[in-house]
Amino acid sequence: MSGLRSTGAGAARGVTAMSDRPADVRIRDFGEVDIGLSTDEAINEAARCLQCKRPLCVRGCPVGIDIPAFIREVAEGNFPAAARALKEQNMLPAICGRVCPQETQCEGVCILGNKETPIRIGALERFVADWERANGPDLPEVAKPTGRRVAVVGSGPAGLTAAAELARAGHAVTIFESLHEAGGVLTYGIPAFRLPKDVVKAEIDQVLALGARLKKNHVVGRSIGVDELLSYDAVFLATGAGLPAFMGIPGENLNGVYSANEFLTRVNLMHAEAFPEFDTPVLHAARVAVIGGGNVAMDAARVARRLGAKVFLIYRRGEEEMPARRAEVVHAKEEGIEFYTCANPVRILGDQHVTGIECVKMALCGIDASGRRSPKPIEGSEFTLDVDMVIQAIGTSPNPLLVSLIPGLERGRKGNVIVDENGRTSIPHVYAAGDIVTGAATVIEAMGSAKKAAAAINAMLKGE
Amino acid sequence: MYKIEKATKLADRVYEFWIRAPHVAQHARAGQFLILRLHEAGERIPLTISAVREDAVRVIFMTVGKTTEELATLRAGDRITDVVGPLGKPSEIANYGTCCVIGGGVGIASTPPIAKELKDAGNHVIGIIGARSADLLILEDEMREICDELYITTDDGSKGVHGFASDVLKKLLEERTLDRVWIIGPAIMMKVTSGVTVPYNVKTYVSLNPIMVDGTGMCGSCRVTVGGETKFACVDGPEFDAHQVDFNELMQRQRIYTAQEKVSLERFAEHRCRCGEGGHRHE
């Protein structure tokens, strides 16, 4: 009890957890940063919940988990019932408990936040999911087979969520994944110290246990023709926003310049940190510049740190404007990442390999369309950082590989698939959700939109 | 798992494998490639699809690094953990008139499907295949069967024309009109050979072979500069207009992991010595 209500600086602000491993220890491995709640801590934390009659937290949850219900079960020590309550609305609770931005969702609106600290809903969700994984999962009921076939393209958060919903409804679901592992960004993007890969694998296995089939190594549009895809009774596109952006500055193709996607994929998916035990290499640098201020930039910086580098994070706006979760910014700083805010790279230096990066300082003036202060370069303020690696984490856009091949599929200016409020595209039996629709967003937003689209697909297949 | 149906050594360090992979075989077109991963600890490497027969695809590779060395230890009946494809855009096949398809070294592996589709489209197809010496020359009979004319070159003069494919190409261009040229081989060979067609203004394609990871446009490892723009070879290529390609940058980026590749290869060689002939296999 005492541990939870204690006023550790981070915990009091609800930014970082009391259960975080110390920074100087965790940067030596890829083990999880937050070790999670003990059983006593979870029960005590759950007991703080006011069990509001009209709970704001549920409205703050994109997948609509009955939060008071599962927390009530935790408070009573009834963990199997808590797990059932969670999985009624969310088949990926161990993942969401770790990577959802609870501070702007359920916990952000928790009424307790007004006076003391909000209930640690994310930590409790994770506790319950981890408890269930350790004690043998209990699967939700699956409806009788409907005989309708659904193709789900992509096995990231949106694809897995829709596949789970549709398999539970009794449809024959086939998930197509282009890589050799399922999970999309959960597998190749988010590092193990934030989201251990056995956790991801266990939750994917639960989705498959509902009856969804997974076809790995299948690039739809290449290994499966568009005609074959469209022959399914319903199609759900969840191919994500996997196309990395490059800044377009000189020196970008020098050896030692990575997209965050490549750098993270080499480590998270291919295990390059364990080279030569694993065959895929990644460069090891002494000094690394990471460009960007989002969660992906923090992930890349912290992976580079764990590979032994001194890491500089360069962001064109101020720290308050960073789109990354506050906790990840704090974690990065704790781990010794040096921030250069209000700075923007103008060119990457080097002959064949990177030797440095030239930046210009930025002044923040006016408010732009995104509601943030817009950065303008300050003339004559150029400075150079000596680095031997540069990682660009300035965003990704919808992957055009498949969607550009489907005739009649309406797309927006940025290549995103256009859908109505139910996730339906310009082709009647084709639906889409997640980053392919919105551009790069969060795991839980992708899951929320996927759930909605799955409900619409289900209604369509039932002829409603 | 993907079963190796047939494994043959074609020349020193050059192997031909037929792998059962129906989803790749059924959709493969000329110019496309696949990516394979040998086992759970393996890396993903791209290889051109050199032929298709029912549900199997053929790849031809030279042992140049750890993964190709390890692949070469496998035999018919063995299995590969992952095969994905076909990847990349197919070759731009049409009836152009007279086309020349050139393969250098193990790059010859890529030429039969392109030559065949060009022939089927109604072109007069001239093949040029070149190697360092006669014993390294592959697929001669196959190319002779497909092409209307076939020229052979060897660097040492042990077979055919003593010299390079570029020499034959130059001579052809002096004598007659070529409407399209394809060149597949090592980067330096593609750079030099495609330079020959510049003064004749003949549209020339090269198939680029940068380092790749996913092969679906997700990582940008394979980025190349074509006409001053950054392109991803895996999804925008692998074939590009040769006259627009920055070959020096391609060659520079092919060397990113030279040091690591050496470590990996030496470690594998050591394992192999300890485990005897056939090599160490991960399960």
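Residues numbered from 1 in each chain as written. Chains lettered and ligands numbered in written order. Predicted model: local features only at pLDDT ≥ 70, side-chain atom pairs only at ≥ 80, totals over all residues. Heavy atoms only, no water.

A. Seen up close, the overall build of chain B. Of the regular secondary structure elements, chain B holds 9 helices and 17 strands. The C-alpha atoms of chain B give 18 Å as radius of gyration, which agrees with the globular expectation for 283 residues (19 Å, within 12%). C-alpha extents for chain B along the principal axes are approximately 55 × 40 × 35 Å. Partitioning the contacts of chain B with sequence separation of at least 6, the portion at a separation of at least 24 is 65%. Summed over all atoms, the accessible surface of chain B reaches about 11400 Å², with 48% contributed by carbon and sulfur. Side chains of chain B carry 34 positive and 39 negative charges; the gap between the two charge centres is 3 Å. (Helix = DSSP H or I, 4+ residues; strand = E, 2+ residues; numbered from the N terminus. Rg over C-alpha atoms; globule rule 2.2 N^0.38 Å. Contact = heavy atoms within 4.5 Å. Areas by Shrake-Rupley, 256 points an atom, 1.4 Å probe, with all protein chains shown as cover. Lys, Arg positive; Asp, Glu negative; His and termini not counted. Charge placed at Lys NZ, Arg CZ, Asp CG, Glu CD.)

B. Broad picture of the overall build of chain A. For chain A, the helix and strand inventory stands at 20 helices and 16 strands. Against the globule reference of 23 Å for 464 residues, chain A gives a C-alpha radius of gyration of 22 Å, in line with a compact fold. Once the C-alpha set of chain A is aligned to its principal axes, its extents read approximately 65 × 60 × 50 Å. Contacts in chain A between residues far apart in sequence, at least 24 positions, make up 70% of those at least 6 positions apart.

C. Representation of the interface of chain A and chain B. Opposite the 41 residues of chain A that make contact, chain B presents 48 residues. A combined buried area of about 3600 Å² lies between chain A and chain B, and 51% of that area is made up of carbon and sulfur atoms. Considering only the side of chain A, the residues that lose the most area to chain B are A:Arg222, A:Asn253 and A:Asp279, jointly responsible for 21% of the buried surface there. Where chain A touches chain B, the interface holds 2 salt bridges. For A:Asp279, the salt bridge identified is with B:Lys66, shortest N-O distance 2.8 Å. Taken together, chain A and chain B are joined by 27 residue pairs in polar contact (both at pLDDT 80 or more). When contributions to the side of chain A that touches chain B are tallied by element, the ones reaching two or more residues are β5 (243–244), β6 (257–259) and α15 (260–269) of chain A. (Buried area = accessible area lost by both parts, 1.4 Å probe. Salt bridge = Lys/Arg side-chain N within 4 Å of Asp/Glu carboxyl O. Polar contact = N/O pair within 3.5 Å; in protein donor to acceptor, adjacent residues only side chain to side chain.)

D. Representation of the packing of aromatic side chains. Evaluated as defined, the whole model comprises 12 aromatic pairs over all chains. For the ring pair A:Phe30 and A:Phe193, a centre distance of 6.4 Å and an interplane angle of 40° mean the geometry is tilted. In this pair, A:Phe30 sits in the loop between α3 (23–26) and α4 (39–47) while A:Phe193 sits in the loop between α12 (185–188) and α13 (197–209), placing the two residues 163 residues apart along the sequence. Comparing A:Phe30 with A:Phe193, the two get one shared label, buried. An angle of 20° between the planes, with centres 5.6 Å apart, marks the rings of B:Tyr15 and B:Phe61 as stacked. Within this pair, whereas B:Tyr15 is found in strand β2 (residues 14–20), its partner B:Phe61 is found in strand β6 (residues 56–62), the two being separated by 46 residues in sequence. Across the pair, exposure class does not vary: B:Tyr15 and B:Phe61 are buried alike. Put simply, the rings of A:Phe79, A:Phe127 and A:Trp131 touch in pairs and so form one group of aromatic residues. A cation over a ring is seen here: A:Arg149 above A:Tyr232, with NZ or CZ 4.1 Å from the ring centre. We note A:Arg306 situated over the ring of A:Phe193; from NZ or CZ to the ring centre the distance is 3.8 Å. (Phe/Tyr/Trp six-rings, centres within 6.5 Å; stacked < 30°, edge-to-face > 60°. Buried < 20%, exposed > 50% of the residue type's maximum accessible area, 1.4 Å probe, protein only. Lys NZ or Arg CZ within 6 Å of the ring centre and 35° of its normal.)

E. Examining the nonpolar core more closely. A:Ile67, A:Phe70, A:Ile71, A:Val74, A:Leu124, A:Val173 and A:Phe236 are the most contacted members of the largest nonpolar core, which has 69 residues in total. A total of 10 residues in this core trace back to one element, the largest contributor, which is helix α20 (residues 443–461) of chain A. Dropping the residues within four chain positions of it, A:Phe236 is found in contact with A:Ala151, A:Val152, A:Val153, A:Ala158, A:Gly159, A:Ala162, A:Tyr431, A:Ala432, A:Ala433, A:Ala450, A:Ala453 and A:Ile457. The next biggest cluster of nonpolar side chains, apart from the first, holds 40 residues, and it includes B:Ala165, B:Val168, B:Val235 and B:Met251. (Core = buried A, V, L, I, M, F, W, Y, C linked by side-chain atoms within 4.5 Å.)

F. Spotlight on α20(A). With 19 residues, α20(A) extends 26 Å between its outermost C-alpha atoms, agreeing within 8% with the 27 Å of an ideal straight helix rising 1.5 Å per residue. The positive-phi residue at the C-terminal boundary of α20(A) is A:Gly463, with phi of around 75°. (Expected span 1.5 Å × (residues − 1).)

G. View of the environment of A:Glu165. Residues and elements named next belong to chain A. With respect to the helices and strands, Glu165 occurs in helix α11 (residues 157–168). What makes Glu165 partly exposed here is its relative accessible area of 22%. In the structure, Glu165 is positioned 83 residues away from Gly248 in sequence and 41 Å away in space, judged by C-alpha atoms.

H. Main features of the pairing of strand β9 (residues 98–104) of chain B. Residues and elements named next belong to chain B. Here β9 lies mainly inside the structure; 7 of its 7 residues are buried. Residues of β9 alternate between two faces, with Thr98, Cys100, Ile102 and Gly104 on one and Cys99, Val101 and Gly103 on the opposite face, all of them buried. In the classification by handedness, the crossover that spans β9, the intervening helix α3 (residues 111–120) and the parallel strand β10 (residues 124–131) is right-handed. Here 5 bridges tie β9 to strand β13 (residues 180–184), and the two strands are oriented parallel to one another. Looking across to β13, one finds that Ile102 is bridged to Ile183. (Right-handed = clockwise from strand over helix to strand, strands pointing away. Pairing = 2+ DSSP bridges.)

I. Spatial organisation of empty space enclosed by the protein. Tallied over the full model, the rule gives 4 cavities of 30 Å³ or more. Considering only enclosed or pocket space, the largest cavity measures out at about 100 Å³ in volume. For the largest cavity, the lining is made up of 14 residues, of which A:Cys61, A:Ile65, A:Cys100, A:Cys106 and A:Glu125 are closest to its centre. Looking at the lining of the largest cavity, the elements with two or more residues in it are α6 (67–75) and α10 (121–135) of chain A. For the lining of the largest cavity, the class distribution of residues is 11 nonpolar, 2 polar and 1 charged. One number sums up the size of the second largest cavity: a volume of about 60 Å³. The wall of the second largest cavity is formed by A:Gly256, A:Val257, A:Tyr258, A:Glu262, A:Arg266, B:Ile211, B:Ser221, B:Arg253, B:Ile256 and B:Tyr257. Elements with a minimum of two residues in the lining of the second largest cavity: β6 and α15 of chain A. (1 Å grid on protein atoms, 1.4 Å probe; cavity = no way out; pocket = protein on both sides within 12 Å on 5 of 7 lines; lining within 4 Å. Points joined across faces, edges and corners; volume = space filled by probe spheres on them. Nonpolar A, V, L, I, M, F, W, Y, C, P; charged D, E, K, R; others polar.)

J. Here's a closer look at the side chain of B:Gln260. The residue B:Gln260 is located in helix α9 (residues 258–275) in this model. Residue contacts for B:Gln260: discarding those within four places in its chain leaves A:Phe275, A:Pro281, A:Val282 and A:Leu283.

K. Representation of the pattern of salt bridges. Residue and element names in this part refer to chain B. Per the counting criterion, the structure on display carries 46 salt bridges over all chains. With a closest N to O distance of 3.0 Å, Asp120 and Lys116 form a salt bridge. A residue pair is termed a helical-turn pair when its members lie 3 or 4 positions apart in one helix, as Asp120 and Lys116 do in helix α3 at 4 residues. On the basis of relative accessibility, which here comes to 42%, the residue Lys116 falls in the partly exposed class.

L. The arrangement of the sheet that holds strand β4 (residues 44–48) of chain B in detail. All names here are of chain B. Strands sit in the order β4-β3-β8 across an open sheet of 3 strands; the sheet is antiparallel. Lying at the two open borders of the sheet, with one neighbouring strand each, are β4 and β8 (82–87). Strand-to-strand, the axes of this sheet are offset by a mean angle of 25°, without reference to chain direction. By the bridge criterion, 5 bridges tie strand β3 (residues 33–37) to β4 in an arrangement that is antiparallel. Counted as the bridge partner of Leu36 is Ile45 from β4. (Axes fitted to C-alpha atoms, helices over the stretch in contact; angles between N-to-C directions.)

M. Examining the sheet that holds strand β11 (residues 149–154) of chain B more closely. Residue and element names in this part refer to chain B. Here 7 strands make up an open sheet; going across it, the order is β12-β11-β10-β9-β13-β14-β17 and the pairing mixed. The sheet terminates laterally at β12 (161–162) and β17 (239–241), the two strands that pair on one side only. The pairing of β13 with strand β14 (residues 203–207) spans 4 bridges and is parallel. Bridging across to β14, Arg180 finds its partner in Lys203. Against the sheet, helix α5 (residues 165–175) touches β9, β10, β11, β12 and β13, its axis set at about 150° to β10. Sitting on the sheet, helix α6 (residues 187–197) touches β9, β13 and β14, and the angle it makes with β13 is about 165°.

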